[in-house]
Amino acid sequence: MIARTLPIAVAVLALLTLPLWIGGTYYVNVTSQILFYAIFALGLNVLAGYGGLVSLGHAGLFGISSYVVGYMLQLGYGHTAAILMALAVGNVSMAIYALLSLRSTGIGFIMITLALGQILWGLAYRWISVTGGDNGINVPTRPAPFGLSLADSGNFYYATLVVFLLSVIAVAIFARSPLGAALMGTRDQPRRMNALGYHVLAIRFWACLFSGLLTSVSGILFVYYTQFISPQTLALTSSAEVLLMVISGGPGTLLGPIVGAGLVVVVKNVVSGFIERWNFLLGAIFVAIVILMPEGLVPGTVRLWRLATRKRAPAKAEIKTEGKP
Amino acid sequence: MSRKLTRRQMMAATAAGAAAATFKFPMPAIAQAAPFKLGLLTVKTGPLAQGGIQMEQGVVTFLKEKNYTFAGRKVDFISADTGGNPAGTKTKAQELIERDKVDAILGPLAAFELLAITDYVRDQKTPMLSLAGAEDMTQRRPNPYFLRPAASSSQAMHPMADFAAKELKLKRVVTISEDFAFGHEQMGGFQQTFEEAGGRIVNKIWPPLVTPDYTPFVAQIADCDGVCQGFAGSNPLRFMKTYAAAGLKYPVVSGETGGDDALLRSFGDEALGLYSCCPYTLDHNTDSNKRFVAAMVKDYGVEPGFYAAGLYVAAAVVAAGLEKSGGKTDDKEAFVKALKAVDLKDTPRGPIKFDHLGNVVGDFYIRHLEKVNGKLVNKTIKTYKNVSQFWTYDEKKFLQQPVYSRNYPPLKT
């Protein structure tokens, strides 16, 4: 038990005290980015990892929530109204997404979500009276919940951290819940689940909504972080990037998407300051992950760790990993 | 023993803390001797990289010429790759301002990048010199810490339209440009001046930024005696090829990106006869320009275009501003004031100064693309002196009309 809770406690403590030791506002901001991208990746992981439904249109959902916040603020509404509206619109869009795309799985699902994402991107690009087209929308202020102004990067970090921890807990509960188990069942054996009396479509639909909620939340954090939203955020590359976070970290695990988000954000923002060909580096890392740990960084590291410890302590050899079918 | 050590450590820590507290205050006084930190936001990866890399080359050429010293202060140059997207630009701007604590920022390249960081940069009071178009940055939504030493989107198109109407005697023109703000603003400026001079825009065509094949768009060009193209990046190359392949012979006019000197290496005969208006021209016959071109050819083996020259001049403005402020950057308001007061008589693009909104006032060159000794060159045929972003219009009236956009000025039917 201690072996499981200690690392978690250390990690949470490290995150809580992060602004004190990381050395500079810039790194606090980078960590904020890792956190909200991790929420985004967790959201996609619900579908891609637990549900086996790979979506290439999540950046559209992410962006639509950002745009709703920007547009509502532009119309003169307060932050609370803007955020609530963004969550509502994000979830309604996800419901529409789900109704259209859940008619198929596999490649079909990928293609339909891809098309829907591109439609939202096109709307953002061409519906100039609402979205400002290529010029995007500026968000002049960040909200100040309980009188704490999030304009300060430290405060924004803590707000993001709170939302992040809540999201992680929510996903952990989801994964252990009957609904989560049923979703994994529909991933592995959809026909058997159907025969057992489970409503496969309904399970997937609810999973979609949960995924959409997390995506909306991260979209709102994103727009308040950058205080700017433009169509590029909705582009296919953004969808692919978050999918890479999930796949590189380890789909179907809780920690995987978080590690993946950290990897991508750090290489993109920090390492790119030292290495001009950072795209190449990121590509090389992905290739290495696929070759060495095809199941993702987190499960792969666990496997290698167990392999190493097994050699030293053969008595524990019978402890086997729960392999994914 | 261990207690002693702890106490000693504690003493050391206290001393260090006290020292830090004491030294924090007189820091600005010491900062005079500290190096001047110059940040560059550019794009080194993705479709905009070609221009972005030239931007960096332009800055480095100037720094080498000055031996990395402005106004007696050593210059630390920090270059950051935004990846050509707004979120990346924001992060990199934060990196430059919060981590590297730069005194001035050059760049970014694209209008959408600039729009994403303008509020942030204003809050941080960091002077920023960019060549991105985005008209309103120096017009209806000015940022006091922003200077544009290159040209606003429509600044080159006003004289181009004047030339097209008065000297080329064009009457009916079709405009074609990318469907984004820079294209809209360019074509809007062209339309306004051209129609005031008696011409008429018969059709406006807007292909998306990424268009694999221009044939369907070129096919719409008809019922005219001239074409105005406002393409950027490598798109002018592909457009001119398709245009020539379609057998169209109407004269083509364009702005600084459509006929950029850096494109000459890649253009073929299909581009012959292209007219372009640019704030920089490769054949500008002054010593300062010859020195700049020679340095670029020597170091990078390329002749500079608008991007390299724009950033070379931007760096020159920073150097001159620092000279004016006596090498001081602590008072950021005074520093940006000194930057705006810069009045350079001799730069590779000719004399420049700034208006009260921070936009450049300088010479613009009309060039004609010709073949000399088997090599394509942009030959300067006319110079418009001291062109401001408002052209010949009254500033107040100009600012009262909406910003140039896809539908402004409207197409006359």
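How each quantity is defined
Residues numbered from 1 in each chain as written. Chains lettered and ligands numbered in written order. Predicted model: local features only at pLDDT ≥ 70, side-chain atom pairs only at ≥ 80, totals over all residues. Helix = DSSP H or I, 4+ residues; strand = E, 2+ residues; numbered from the N terminus. Rg over C-alpha atoms; globule rule 2.2 N^0.38 Å. Buried ≥ 20, exposed ≤ 12 C-beta atoms within 10 Å, placed from the backbone. Contact = placed C-beta atoms within 7 Å. Nonpolar A, V, L, I, M, F, W, Y, C, P; charged D, E, K, R; others polar. Domains from an automatic or database assignment. Pairing = 2+ DSSP bridges. Right-handed = clockwise from strand over helix to strand, strands pointing away. Axes fitted to C-alpha atoms, helices over the stretch in contact; angles between N-to-C directions. Parallel < 35°, antiparallel > 145°, perpendicular 65-115°, else oblique. Left-handed = near helix turned anticlockwise from the far one by under 90°.

Peer 1: Outline the overall build of chain B, listing residues and values.
Peer 2: A count of helical and extended segments in chain B gives 13 helices and 14 strands. Taking 22 Å as the expected radius of gyration for a compact globule of 413 residues, we find that chain B reaches 24 Å, a close match to that expectation. When its C-alpha atoms are laid out on the principal axes, chain B stretches across 95 × 45 × 40 Å. The buried share of chain B, reckoned over its 413 residues, is 51%.

Peer 1: Which residues make up the interface of chain A and chain B, and what are the values?
Peer 2: Taken together, the contacts link 23 residues of chain A with 20 residues of chain B. A total of four residues in the side of chain A that touches chain B trace back to one element, the largest contributor, which is helix 3 (residues 25-50) of chain A. Of the residues belonging to the side of chain A that touches chain B, the class tally is four nonpolar, 17 polar and two charged.

Peer 1: Quick one: what's the story with the domain arrangement of chain B, residue by residue and with numbers?
Peer 2: All names here are of chain B. Looking at the assigned domains, one finds that chain B contains domain 1 (33-153 + 285-362) and domain 2 (157-283 + 363-400). Between the C-alpha centres of domain 1 and domain 2 the distance comes to 26 Å. Across the contact, 33 residues belong to domain 1 and 24 residues belong to domain 2. For the side of domain 1 that touches domain 2, the secondary-structure elements that each account for two or more residues are helix 3 (49-65), helix 11 (306-324) and strand 13 (360-372). Looking at the side of domain 1 that touches domain 2 element by element, the count peaks at four residues for helix 11. A breakdown of the residues in the side of domain 1 that touches domain 2 according to their chemical character gives 14 nonpolar, 14 polar and five charged.

Peer 1: How would you summarise the pairing of strand 14 (residues 375-387) of chain B if you had to cite specific residues and measurements?
Peer 2: All names here are of chain B. One ladder, built from 10 bridges, connects strand 13 with strand 14; its direction is antiparallel. Paired with Phe 364 across the strands is Tyr 384, a residue of strand 14. The antiparallel pairing of strand 13 with strand 14 creates a hairpin that spans two residues between the two strands, and Asn 373 there sits at a positive phi of about 55°.

Peer 1: Summarise helix 9 (residues 178-188) of chain A; cite the residues concerned and give the values.
Peer 2: Residues A:Gly180, A:Ala182, A:Leu183, A:Met184, A:Thr186 and A:Arg187 constitute the buried set of helix 9 of chain A. Contact partners of the buried residues in helix 9 of chain A: helix 3, helix 8 (153-176), helix 10 (190-195) and helix 11 (200-226) of chain A.

Peer 1: Give me the lowdown on the environment of B:Phe231, citing residues and values where you can.
Peer 2: Residues and elements named next belong to chain B. Positionally, Phe 231 belongs in the loop between strand 9 (226-229) and helix 9 (235-245). Residue Phe 231 is classed as buried on the basis of its C-beta count, with 26 C-beta atoms lying within 10 Å. A C-alpha to C-alpha distance of 6.5 Å links Phe 231 and Thr 257, two positions 26 residues apart in sequence. Those residues in contact with Phe 231, other than ones at most four positions away along the chain, are Ser 177, Glu 178, Pro 236, Phe 239, Thr 257 and Gly 258.

Peer 1: Requested: an account of the pairing of strand 7 (residues 172-176) of chain B, with residues and values cited.
Peer 2: All names here are of chain B. Of all five residues in strand 7, four are buried; the element is thus mostly enclosed. Of the pairings in the sheet, the one linking strand 7 to strand 8 (residues 200-205) comprises five bridges and is parallel in character. Residue pairing across strands places Arg 172 opposite Arg 200, the latter belonging to strand 8. Taken together, strand 7, helix 7 (residues 181-196) and strand 8 form a β-α-β motif whose crossover is right-handed. In the sheet, strand 7 pairs with strand 9 via four bridges, with the strands oriented parallel. Bridging across to strand 9, Val 174 finds its partner in Val 227.

Peer 1: Give me the sheet that holds strand 1 (residues 36-42) of chain B: which residues, what numbers.
Peer 2: Residue and element names in this part refer to chain B. As summarised here, the arrangement of the six strands in space is 2-3-1-4-5-6, forming an open sheet in which the pairing is mixed. Both edges of this open sheet fall to strand 2 (69-70) and strand 6 (146-147), since each of them pairs with a single strand only. Bridge count between strand 4 (residues 104-106) and strand 5 (residues 128-129): two bridges; the pairing is parallel. Note on strand 5: the bridge partner recorded for Leu 106 is Leu 129. The strands touched by helix 11 within the sheet are strand 1, strand 2, strand 4, strand 5 and strand 6, with strand 4 carrying the most contacts at an inclination of about 165°.

Peer 1: Could you give an account of the packing of helix 3 of chain A against helix 11 of chain A, naming the residues involved and the relevant values?
Peer 2: Residues and elements named next belong to chain A. One way to put it is that helix 3 packs onto helix 11 with a least axis distance of 8 Å and a crossing angle of 165°. Judged on the interaxial angle alone, helix 11 and helix 3 are roughly antiparallel. For the crossing formed where helix 3 meets helix 11, the hand is left-handed. Taken together, the residues of helix 11 that come into contact with helix 3 (itself represented by Ser 32, Gln 33, Phe 36, Ile 39, Phe 40, Leu 42, Gly 43, Leu 44, Val 46 and Leu 47) are Ala 207, Cys 208, Phe 210, Ser 211, Leu 214, Thr 215, Val 217, Ser 218, Leu 221, Phe 222 and Tyr 225. Considered class by class, the residues forming the contact of helix 3 with helix 11 number 15 nonpolar, six polar and no charged.

Peer 1: Could you give an account of the environment of B:Ala116, naming the residues involved and the relevant values?
Peer 2: Within the fold, B:Ala116 resides in helix 5 (residues 111-124). Remark: the alpha-carbon pair of B:Ala116 and B:Gly72, spanning 44 residues in sequence, is separated by 34 Å. Residues in contact with B:Ala116, not counting those within four places in the same chain, are A:Gly136, A:Thr226, A:Phe228, A:Ser230, B:Pro86, B:Thr89 and B:Lys90.

Peer 1: Please give an account of unusual backbone geometry that cites residues and values.
Peer 2: All names here are of chain B. With an omega of 0°, the peptide bond running from Gly 107 to Pro 108 counts as cis. Considering the arrangement of structural elements, one finds Pro 108 in the loop between strand 4 and helix 5. Residue Pro 409 is reached from Tyr 408 by a cis peptide bond, and omega for that bond is -5°. Phi angles above zero are rare outside glycine, and Asn 373 is one such case at about 55°. Position of Asn 373 relative to the elements: it lies in the loop between strand 13 and strand 14. Exposure remark for Asn 373: the 5 C-beta atoms within 10 Å place this residue in the exposed category.

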